[in-house]
Amino acid sequence: MVELQINTTQNVNINFIAASIGERMLAYVIDMVIKIAYVFGFGYIIFEVLKFDELFYDLDGWSQQAVYAIFMIPFFFYTLTLESVFDGQTLGKRIMKIKVVKIDGYQASFPDYLIRWSLRVIDMIMFGVIGLISIVSSKKSQRLGDISAGTSVISLKSDVNISHTILEELDDSYVPTYPNVIKLSDNDARIIKETFVRARASRDYETLGKLRTKIIEVVEIKDVDGTDLEFIDVILKDYNYYTQGM
């Protein structure tokens, strides 16, 4: 079990458990089964049920290759598309409860997923041996695609969980103060809370002041009330208030 320490831009260290090789391989196998099922299932419907094969064999060679290329687009772009849509997870990763994240603590973006996907060809050389060697030898369990994209794959089964760390208990009578908090993302809120909790526990008032200033800048708040502690606490509660129903 490899512990992955993510250092955020606020210099907060957050510990995750890196997904094991077994979890990543099982996720890959599940995804491959899904892709193969698409090829056979959709192919059967198109060529057998709809009898497209009769028209297909009347086409010239280039046209046949174009049909094959179009037919295989979902197969080849499956991982890139699903990771981009489902925030770092394919169906296999979701079943195995693992996820692609940036090692700077932020949510990976499409260019990051694209880099990982593009280098998969190299990682899969010799039936994935290159990727396995890279994961085992890397301190952050990264294959070559992860190293290039600045990402890693974490387990969501660990105690530290993105969705759990941003939760705040709110009374039914709670009235929000700063509606602009909706400009924040879940990752922003998580980083703010991690920084807030640690700084408050260690009485690091300098960090609290810097965090308050950064929040005001990002959220674009003009009128601010309360101490640093009170302000940040309200920000977290307001974020939960506006997003809990989404």
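Predicted model, so just to flag it, every value in this text is computed and none were measured.

(A) Structural view of a nonpolar patch on the surface. Together, Val121, Ile122, Ile125, Met126, Val129, Ile133, Leu144 and Ile147 line one region of the surface with nonpolar side chains, adding up to about 690 Å² of accessible area. When residues of the nonpolar patch are traced back to their parent elements, those giving at least two are α7 (120–123), α8 (125–137) and α9 (144–149). Here the nonpolar patch gets four residues from one element, more than from any other, and that element is α8. Mapped onto the elements, valine 129 comes out in helix α8.

(B) Spotlight on α8. Of the residues making up α8, those classed as buried are Gly128, Gly131, Ser134 and Ile135. Along α8, the residues classed as buried sweep out an arc of 110 degrees about the axis, all on the same side. More than 90 degrees from the buried face of α8, the exposed residues found are Met126, Phe127, Ile133, Val136 and Ser137. Residues of α8 that are buried make contact with α1 (21–49), α7 and α9.

(C) The arrangement of the environment of leucine 114 in detail. Looking at where leucine 114 falls in the secondary structure, it is placed in helix α6 (residues 110–118). C-alpha separation for the pair leucine 114 and glycine 145, spaced 31 residues apart in sequence, amounts to 9.2 Å.

(D) Up close: the pattern of salt bridges. In the structure shown here, the tally under the stated rule is eleven salt bridges. Its salt-bridge partner being glutamate 83, residue arginine 116 comes within 3.2 Å of it at the nearest N-O pair. Here glutamate 83 lies in helix α4 (residues 78–85) and arginine 116 lies in helix α6, a separation of 33 residues in the sequence. With respect to class, arginine 116 is no different from glutamate 83; both count as buried. A salt bridge links arginine 143 to aspartate 123; its shortest N-O distance comes to 2.5 Å. Linking arginine 143 in the loop between α8 and α9 with aspartate 123 in helix α7, this pair joins segments that are 20 residues apart in sequence. Exposure remark for aspartate 123: the relative accessible area of 2% places this residue in the buried category. Through salt bridges with shared partners, one network takes in Arg24, Glu83, Lys93, Arg116 and Asp146.

Cut-offs and rules
Residues numbered from 1 in each chain as written. Predicted model: local features only at pLDDT ≥ 70, side-chain atom pairs only at ≥ 80, totals over all residues. Heavy atoms only, no water. Patch = residues over 30% accessible without salt bridge, like charges linked within 9 Å, V, L, I, M, F, W, Y side chains within 5 Å. Areas by Shrake-Rupley, 256 points an atom, 1.4 Å probe, with all protein chains shown as cover. Salt bridge = Lys/Arg side-chain N within 4 Å of Asp/Glu carboxyl O. Helix = DSSP H or I, 4+ residues; strand = E, 2+ residues; numbered from the N terminus. Buried < 20%, exposed > 50% of the residue type's maximum accessible area, 1.4 Å probe, protein only. Arc of directions from axis to C-beta. Contact = heavy atoms within 4.5 Å.

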